[in-house]
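Okay, here's what each chain looks like letter by letter:
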Amino acid sequence: MCTTSLTTCEWKKVFYEKMEVAKPADSWELIMDPNLKLNELAPGWKQYLEQHASGRFHCSWCWHTWQSTHVVILFHMYLDREQRAGSVRMRVFKQLCHECGTARLDESSMLEENIESLVDNLITSLREQCYEEDGGQYRIHVASRPDAGPHRPEFCEACQEGVVHWKPSEKLLEEEATTCTFSGASKPSAQEGSGYSFFSLRWCLFGAALCLLIVSLQFSFRSSAFL
């Protein structure tokens, strides 16, 4: 039975289930370690940094809640090949509430679907670094969702410890640019639409004037015939 937070229990549940499928012959454990430091590794340990996770924070002082797509998660990993046992230590960096200004750092909560994709990235890194295998493709978490708002480094624990993470990577920027280019090419521009309307109106006026000219000529011809 899990006696820690619900999010911690969900992390362990998803991790153990997926590792049982990925590496059934090995035994792995997942430990939450709030004192984990970036690039401070014991001999034989490997590191993976998730920079753009999505999570919701809840201030324990003023009850303010906010969404962030810049949650940073640090993993340290070690595999004992002889014992066929591995260990993962993880730290989810916290954020400060910008509403009440309290110095309390608050933890994030995450949806199960987000945890599953993050664990998939962790296992990909484990297979590459600990097993020297082709881990597959990482799931990219785009950090430019409209409901999240701009990242504020002064309230971010990771930023305060010197972890540079909140700017999207070049790969994300390239993918976003490609998406925008494709969307722009599939839709007519405003200038094209306005040009089409202008020429249509001009042809309508020309047709109306031509009809009036024909009617006027016919009327003149009939009038001259009766004289």
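Described in the following lines is the structure provided in the data block. (Residues numbered from 1 in each chain as written. Predicted model: local features only at pLDDT ≥ 70, side-chain atom pairs only at ≥ 80, totals over all residues. Heavy atoms only, no water.)

**Digging into the pairing of strand β4 (residues 85–92)**
Across 6 bridges, strand β1 (residues 27–32) lies against β4 in parallel orientation. Pairing of I31 across the sheet is with R89, part of β4. Sheet analysis places strand β3 (residues 65–80) next to β4, joined by 8 bridges and oriented antiparallel. By the bridge assignment for β4, M77 is matched with V88. Between the antiparallel neighbours β3 and β4 lie 4 residues, among them R84 with a positive phi of about 55°. (Pairing = 2+ DSSP bridges. Helix = DSSP H or I, 4+ residues; strand = E, 2+ residues; numbered from the N terminus.)

**Quick look at the packing of aromatic side chains**
Evaluation of the coordinates by the stated rule reveals 7 aromatic pairs. Their ring planes at 20° and their centres at 5.8 Å tell us that Y48 and F75 sit as a pair that is stacked. Of this pair, Y48 sits in strand β2 (residues 46–58) while F75 sits in strand β3; the two residues are 27 residues apart in sequence, bridging distant segments of the chain. Each member of the pair, Y48 as well as F75, carries the same accessibility label: buried. Considering the side-chain rings of F57 and W66, the 5.5 Å spacing of their centres and the 10° angle between planes classify their relative orientation as stacked. On the basis of relative accessibility, which here comes to 9%, the residue W66 falls in the buried class. Each member of the aromatic cluster is reached from another via a ring pair, and the members are W11, Y48, F75 and Y138. Above the plane of the ring of Y131 lies K23, whose end atom (NZ or CZ) is 4.2 Å from the centre. (Phe/Tyr/Trp six-rings, centres within 6.5 Å; stacked < 30°, edge-to-face > 60°. Buried < 20%, exposed > 50% of the residue type's maximum accessible area, 1.4 Å probe, protein only. Lys NZ or Arg CZ within 6 Å of the ring centre and 35° of its normal.)

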